[in-house]
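# Close look at the chain arrangement
Residues per chain, in single letters:
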Amino acid sequence: MRIDAAYDAWAPSYDSQLNRTRDLDAQVARTLTPSGPLALLIEAGCGTGKNTTHYAGTSSAVLALDFSAGMLAIARERIGLAQVQFEQADLQAAWPCVPASADRVCFHLVLEHIADLVPVLGHAATALKPGGQLIISELHPARQYRGGQAHYLDAAGNPVPVTAHLHHLRDYLQAIAAVGLQLQAVDEHWHAQDDRQGPPRLLSLVAQRPG
Ligand SMILES: C[S@@+](CC[C@H](N)C(=O)[O-])C[C@H]1O[C@@H](n2cnc3c(N)ncnc32)[C@H](O)[C@@H]1O
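What counts and what doesn't
Residues numbered from 1 in each chain as written. Predicted model: local features only at pLDDT ≥ 70, side-chain atom pairs only at ≥ 80, totals over all residues. Heavy atoms only, no water. Phe/Tyr/Trp six-rings, centres within 6.5 Å; stacked < 30°, edge-to-face > 60°. Helix = DSSP H or I, 4+ residues; strand = E, 2+ residues; numbered from the N terminus. Buried < 20%, exposed > 50% of the residue type's maximum accessible area, 1.4 Å probe, protein only. Core = buried A, V, L, I, M, F, W, Y, C linked by side-chain atoms within 4.5 Å. Contact = heavy atoms within 4.5 Å. Pairing = 2+ DSSP bridges. Axes fitted to C-alpha atoms, helices over the stretch in contact; angles between N-to-C directions.

### Here we look at the packing of aromatic side chains
- All chains considered together, the criterion is met by four aromatic pairs.
- Taken together, a centroid distance of 5.7 Å and an interplanar angle of 25° make the contact between W10 and Y152 stacked. Residue W10 is found in helix α1 (residues 3–14), and its partner Y152 is found in strand β6 (residues 151–153); the two are separated by 142 residues along the sequence.
- On the basis of relative accessibility, which here comes to 4%, the residue W10 falls in the buried class.
- In textbook terms, an aromatic cluster arises when at least three aromatic residues are bridged by ring pairs, as seen for Y7, W10, Y14 and Y152.

Printed below as a string of structure tokens:
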């Protein structure tokens, strides 16, 4: 199944099914981006808007992009804020924004669905102002090595995996450098219910466009 169609199918249950990765990411988003005020934040792959309300509190304007009509419909219904503009867009094509206009670009649980990181991070780098910040929070590669992958449960309760691509830590670091951004921070995150002796659940990276 195409990835956008899979998310259309997942959309009605995305916020209600048990999902510790989703819940941990909401905490990570709030930790990594505690305050503003910024002028423009772009949320790449906003989904149902789990992090969008938080981002609207940190920025005068939020451009929230996603290619799943089903996910966007829920986000639009959930978030009726005038400063948030939702756009249906494939992150692998040119982004519907003015170059060098964004103070921050955020990816949360999106990049496992992107085969080649460089073009997409290149669009993010193009969107950022000099000095602007890139935030990434993704399924940790150590989880991917063990078969971890975004998936939802169908009506019968069977897991349906969504097409995903393995990205090693090195892939993220090399892609960030390749698009001309400077790495500022790398971290790993465990959910409160995770075994801390096991692999981290999320990998986060912060980078900046040189000013
Ligand atoms: C696991 S959801 C995460 C949504 C939200 N960021 C969150 O943390 O809850 C992944 C989202 O990325 C979107 N997505 C994946 N690949 C995309 C692409 N190439 N262009 C636009 N959106 C994409 C999906 O439609 C989906 O809404």
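Having seen the structure, we can now continue with the description.
### A word on the nonpolar core
- Formed by 31 residues in total, the largest nonpolar core has its most connected members in W95, V105, F107 and L134.
- Counting residues per element, the ones that place at least two in this core are β1 (38–44), β2 (59–66), β4 (102–108), α5 (117–127), β5 (128–139), α7 (169–178) and β9 (202–208).
- When residues of this core are assigned to their parent elements, the largest contribution, six residues, is made by α5.
- Aside from chain neighbours lying at most four places away, what touches W95 is I42, A44, L65, V105, F107, V120, H123, A124 and A127.
- In this structure, A29, A56, L72 and I135 belong to the second largest nonpolar core, which totals 16 residues.

### Examining the pairing of β9
- Counting buried residues along β9, six of its seven residues qualify, which places the element largely inside the surrounding structure.
- Across seven bridges, strand β8 (residues 182–189) lies against β9 in antiparallel orientation. Considered in β9, the bridge of E188 is made with L203.

### Structural notes on the sheet that holds β4
- Reading across from one edge, β3-β2-β1-β4-β5-β9-β8 is the order of the seven strands in this open sheet, with mixed pairing throughout. The outermost strands of the open sheet, each flanked by one partner alone, are β3 (84–88) and β8. For this sheet the average axis-to-axis angle between neighbouring strands, irrespective of direction, equals 15°.
- Strand direction decides the pairing type here: β1 and β2, joined by six bridges, are parallel.

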